[in-house]
Amino acid sequence: EYLASGSEDSTVRIWDLDDLQCKATFAGVHKDKVQVVKWNSVNDKILMSAGYDSKVNILDVRDKDSQIKIKIPKTSKDIESGFWHPTLEHNFALSTESGIVYGYDTRKPDAAVFTVQAHEDACTRVAFSPHIPNMMATSSIDGSVKIWDIMANGGTDPQSIGSREMNQGEIF
């Protein structure tokens with residue numbers, strides 16, 4: 001019944017779909033365009049936002065003052081996508097324009113759980129499998145899709161378990 005949106009004006013808004021009204025505005029959580037807004041897969045009161053300012057905010061929408069702030073290295077360029085793990089409430093991954101994917105645990109926000117150079121070009125999408133808990137997929141503007149085992153080496157160094165170049169319009 002609620003929709004979250006991110007905007008070029010650096011705000012995150014929560015919309016009520018029943019009455020088509022903006023119910024909350026989070027201003028000042030980003031200093032540049034908001035590229036990612038994702039509801040938590042396990043806890044529907046938690047929202048991730050990520051922007052071109054290299055900042056990630058984990059917001060509890062019930063309390064505007066309840067935030068976890070994460071800053072990724074500027075060398076990663078812009079954040080392209082983010083995805084919550086489908087069964088682990090505190091875990092998510094971010095993909096970046098530099099091809100790096102970061103995995104985070106919101107209980108330990110000071111450092112990434114894992115960092116992997118997933119692609120040489122921009123990594124446009126990262127997603128976890130809802131059926132295979134340790135599987136993550138990434139895609140890139142280089143035309144490839146890669147499948148990763150995120151628990152390889154104790155979960156600190158994901159290993160590619162497959163990759164495929166895709167032709168435009170091809171279904172995997």
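The structure we're discussing is the one just above.
So, a few notes on the structure that sits alongside this text. It should be emphasised that the depicted structure is a prediction, and the values quoted were computed from it without experimental measurement.

### Side note on the pairing of strand E4 (residues 34-39)
- Note that E4 and strand E5 (residues 46-51) share five bridges and pair antiparallel. Counterpart to Lys38 in the pairing with E5 is Met48.
- Between E4 and E5, which follow one another and run antiparallel, lie six residues.

### Observations concerning the sheet that holds strand E1 (residues 2-6)
- Taken in spatial order, the three strands of this open sheet run E1-E2-E3, and their pairing is antiparallel. This sheet does not close on itself; its edge strands, each paired only once, are E1 and strand E3 (21-26). Strand-to-strand twist in this sheet, taken as the mean axis angle between neighbours without regard to direction, amounts to 25°.
- Bridge count for E1 against strand E2 (residues 12-16) is five bridges, and the pairing is antiparallel. Paired with Leu3 across the strands is Trp15, a residue of E2.

### Concerning the pattern of salt bridges
- Applying the stated rule across the entire model yields five salt bridges.
- Where Asp60 meets Arg62, a salt bridge forms, and the shortest distance between an N and an O atom there is 2.8 Å.
- For Asp60, a relative accessible area of 14% puts it in the buried group.

### As for the packing of aromatic side chains
- Taken as a whole and assessed by the stated rule, the structure comprises four aromatic pairs.
- A centroid spacing of 6.4 Å and a plane angle of 50° characterise the contact between Phe83 and Phe128, whose relative ring orientation is tilted. On the criterion of sequence distance, the pair formed by Phe83 in strand E8 (residues 79-84) and Phe128 in strand E12 (residues 123-128) is long-range, its members being 45 residues apart.
- According to the relative accessible area criterion, Phe83 is partly exposed, its value standing at 21%.
- Members of the aromatic cluster, joined through ring pairs, are Trp84, Phe92, Tyr102 and Tyr104.

Rules used in this analysis
- Counting of residues starts from 1 at the beginning of each chain's written sequence and follows it residue by residue.
- Whole-chain, interface and lining totals are the exception, using all residues; otherwise, since this is a predicted model, local features are given only for residues with pLDDT of at least 70 and side-chain atom pairs are given and counted only at 80 or more.
- Hydrogens and water molecules were not included; the side-chain quantities draw on all heavy atoms of the structure.
- The pairing criterion for strands is at least two bridges between them, as found by DSSP.
- Runs of E in the DSSP output that reach at least two residues are strands. Runs of H or I that reach at least four are helices, and both are numbered from the N terminus.
- For helices, the fitted line uses only the C-alpha atoms of the stretch in contact; every axis is such a line through C-alpha atoms, and the angle between N-to-C directions lies from 0 to 180 degrees.
- Salt bridge, as used here, is a side-chain nitrogen of Lys or Arg placed within 4 Å of a carboxyl oxygen of Asp or Glu.
- Throughout, exposure labels follow a simple rule: accessible area from a 1.4 Å probe, protein chains only, divided by the maximum for the residue type, with under 20% read as buried, over 50% as exposed, and the rest as partly exposed.
- Between rings of Phe, Tyr and Trp, where Trp is taken as its six-membered ring, a pair exists when centres lie within 6.5 Å; planes separated by under 30 degrees are stacked, by over 60 edge-to-face, and by other angles tilted.

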